[in-house]
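Close look at the chain arrangement
The residues making up each chain are set out below.
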Amino acid sequence: MSDVPEPIKGPLEDRHRELGASFAEFGGWLMPVSYAGTVSEHNATRNAMGLFDVSHLGKALVRGPGAAEFINSALTNDLGRIGPGKAQYTLCCTESGGVIDDLIAYYVADDEIFLVPNAANTAAVVEALKSSAPDGVTITNEHRSYAVLAVQGPRSAAVLGELGLPTEMEYTAYADASYAGVPVRVCRTGYTGEHGYELLPPWDSAGVLFDALVTAVSNVGGEPAGLGARDTLRTEMGYPLHGHELSLDISPLQARCGWAIGWNKDAFFGRDALLAEKEAGPRRLLRGLRMLGRGVLRPGLTVSAADKPVGITTSGTFSPTLQAGIALALIDTDAGIEDGQQITVDVRGRAAECEVVRPPFVELKTR
């Protein structure tokens, strides 16, 4: 008998099977990887619309007098820049400047902040916050209270409009609405670089909304899309994935996420360490690599310049948009590597020629 726990199933597993999805474990969850194929789903998202079930993402609720003030003193970004009805990308760090997780914070009210961390890190984020929370502020793990459906692509607003859901909002703003009597939070966010939305219906009622979206997506030439396309899309944008471009050993500055740090705040987890790193300069930086020949790049490959190792790839894939291999890599800053420079990546003993580029690899369309 195996001691390995069974992967957790999402609220829409049966529907995904009916749509012909293939599955894989991700962050302890059984998730759809693809339906028609990753390239088809990727291109559908770029050209029309992709519908993603990302209900494995974590959810946590911070409540009580001063909840927003507490979160602002714990997470890196400055909640003072936003207010109720807005969401914000932020990070939960260790005191040494490593990243426990990157997440989205929904500002509901001064006494209520809703957090969406990554699946595997939800418990760690909740524990880190609980250990510092003042009296009267509670943090609860709401992982299976809400589903998360990502509607991404140039036709996404038309699809939501067809269902009577709000679409006219600024980037990172959100609105609470309903569909067929099911409450749903609609946020102008996403992980693909396309104009899109993330919808949060109740876990047990998500099927009604998902079914309507499947039909509406098909009507505009879109497709259901799995984690395979989600990864190729986010890699084309240079978006970090925790465990690859961010980790306990990879700081926000190294991952070029310093823009998500409120440097003028008096407090946040890891402030002193990150200020020191900012002043000294990070020892390595995230760069983009584009293959000049044929092939595919993967994580964990050695990057060299003038036959000297200078870094390692953190993510790699074949870009359906560019029809080329691309990667993200942590490159030593003292190597003096510049954008446009040619370097090599060791792909199974072959020195693959690549160009250093500044992500995104393709045009950003979120706004």
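Think of each chain on its own: its residues are numbered from 1, step by step along the sequence as written. For this predicted model, a pLDDT threshold of at least 70 governs which residues receive local features, and a threshold of 80 or more governs which side-chain atom pairs are given and counted, while totals over whole chains, interfaces and linings are taken from all residues. Side-chain calculation: all heavy atoms of the structure are included, whereas hydrogens and water are not.

1. Focus: the pattern of salt bridges
Salt bridges, as used here, are contacts in which a Lys or Arg side-chain nitrogen is within 4 Å of a carboxyl oxygen on Asp or Glu. With the rule as written, the count across this model stands at 12 salt bridges. Between Asp-176 and Arg-185 there is a salt bridge, with the nearest N and O atoms lying 2.7 Å from each other. Here the residues in one salt-bridge network are Lys-9, Glu-13 and Arg-17, joined through shared partners.

2. Remarks on the nonpolar core
Across soluble globular proteins, nonpolar side chains have a tendency to be buried as a group. The definition of a nonpolar core used throughout is a set of buried Ala, Val, Leu, Ile, Met, Phe, Trp, Tyr and Cys residues joined through side-chain atoms within 4.5 Å. Classification of residues uses two cut-offs on accessible area relative to the type maximum, computed with a 1.4 Å probe and protein chains only: under 20% is buried, over 50% is exposed, and between them is partly exposed. Membership of the largest hydrophobic core comes to 35 residues, with the highest contact counts inside it found for Phe-52, Val-54, Tyr-89, Leu-91, Tyr-106, Val-116 and Leu-246. Listing elements by their share of this core, those giving two or more residues are β3 (29-34), β6 (86-93), β7 (99-109), β8 (112-116) and α7 (227-237). Segments assigned H or I by DSSP are reported as helices when at least four residues long, segments assigned E as strands when at least two residues long, and all are numbered from the N terminus. No other element matches the 4 residues that β6 contributes to this core. Should any heavy atoms of two residues lie within 4.5 Å, those residues are considered in contact. Ignoring sequence-local partners within four residues, the contact set of Val-116 consists of Leu-57, Gly-58, Leu-103, Ile-104, Tyr-106 and Leu-200.

3. Some remarks on the side chain of Glu-13
Inspection of the secondary structure puts Glu-13 in helix α1 (residues 13-18). Using a relative accessible area of 12% as the deciding quantity, one classes Glu-13 as buried.

4. Overview of the packing of aromatic side chains
Two aromatic rings from Phe, Tyr or Trp, using only the six-membered ring of Trp, form a pair when their centres are within 6.5 Å; if the ring planes differ by under 30 degrees the pair is stacked, by over 60 it is edge-to-face, and anything between is tilted. All told, the structure shown has 6 aromatic pairs when counted by the stated rule. When the ring of Trp-29 is compared with that of Trp-203, the centres are 5.9 Å apart and the planes differ by 65°; the resulting orientation is edge-to-face. Taken as a pair, Trp-29 in strand β3 and Trp-203 in the loop between β13 (196-200) and α6 (206-219) lie far apart in primary sequence, 174 residues in all. What makes Trp-29 buried here is its relative accessible area of 2%. Between the aromatic rings of Tyr-89 and Trp-259, the centroid separation amounts to 5.3 Å while the plane-to-plane angle is 25°, which identifies the pairing as stacked. On the criterion of sequence distance, the pair formed by Tyr-89 in strand β6 and Trp-259 in the loop between α7 and α8 (271-280) is long-range, its members being 170 residues apart.

5. Considerations on the pairing of strand β10 (residues 149-152)
Neither face of β10 is open: one carries Leu-149 and Val-151, the other Ala-150 and Gln-152, and all of them are buried. Here strand β4 (residues 50-53) pairs with β10 via 4 bridges, running antiparallel. By the bridge assignment, Gly-50 is partnered in β10 with Gln-152. Here 4 bridges tie β10 to β13, and the two strands are oriented antiparallel to one another. Residue pairing for β13: Gln-152 is matched across the bridge by Gly-196. DSSP calls a pair of strands paired once it identifies at least 2 bridges connecting them.

6. Section: the sheet that holds strand β20 (residues 350-357)
Sheet strands line up and pair through hydrogen bonds in the backbone, either parallel or antiparallel. Judged by pairing direction, the barrel is antiparallel, and its 6 strands sit side by side in the order β15-β18-β17-β16-β19-β20 before closing back on the first. The average angle at which neighbouring strand axes cross in this sheet is 45°, direction not considered. Both strand β16 (residues 302-305) and strand β19 (residues 342-347) contribute to a ladder of 2 bridges, which runs antiparallel. Note on β19: the bridge partner recorded for Val-303 is Val-345. All axes are obtained by fitting lines to C-alpha atoms, using only the stretch in contact for helices, and the reported angles, taken between N-to-C directions, cover 0 to 180 degrees.

7. Overview of the state of the cysteines
Note on terminology: disulfide denotes any pair of cysteine sulfur atoms within 2.5 Å. For the structure on display, the rule yields 0 disulfides. Cys-92 takes part in no disulfide bond, and the closest cysteine sulfur to it belongs to Cys-93, at a distance of 7.0 Å. Cys-257 takes part in no disulfide bond, and the closest cysteine sulfur, belonging to Cys-93, lies 9.6 Å away.

8. Structural notes on α7
Note on helix geometry: an α-helix contains 3.6 residues per turn, so any two residues three or four positions apart are oriented the same way. Summarising burial for α7: 10 of the 11 residues are buried, a large majority. With its phi angle positive at about 75°, Gly-238 sits one or two positions after the end of α7.

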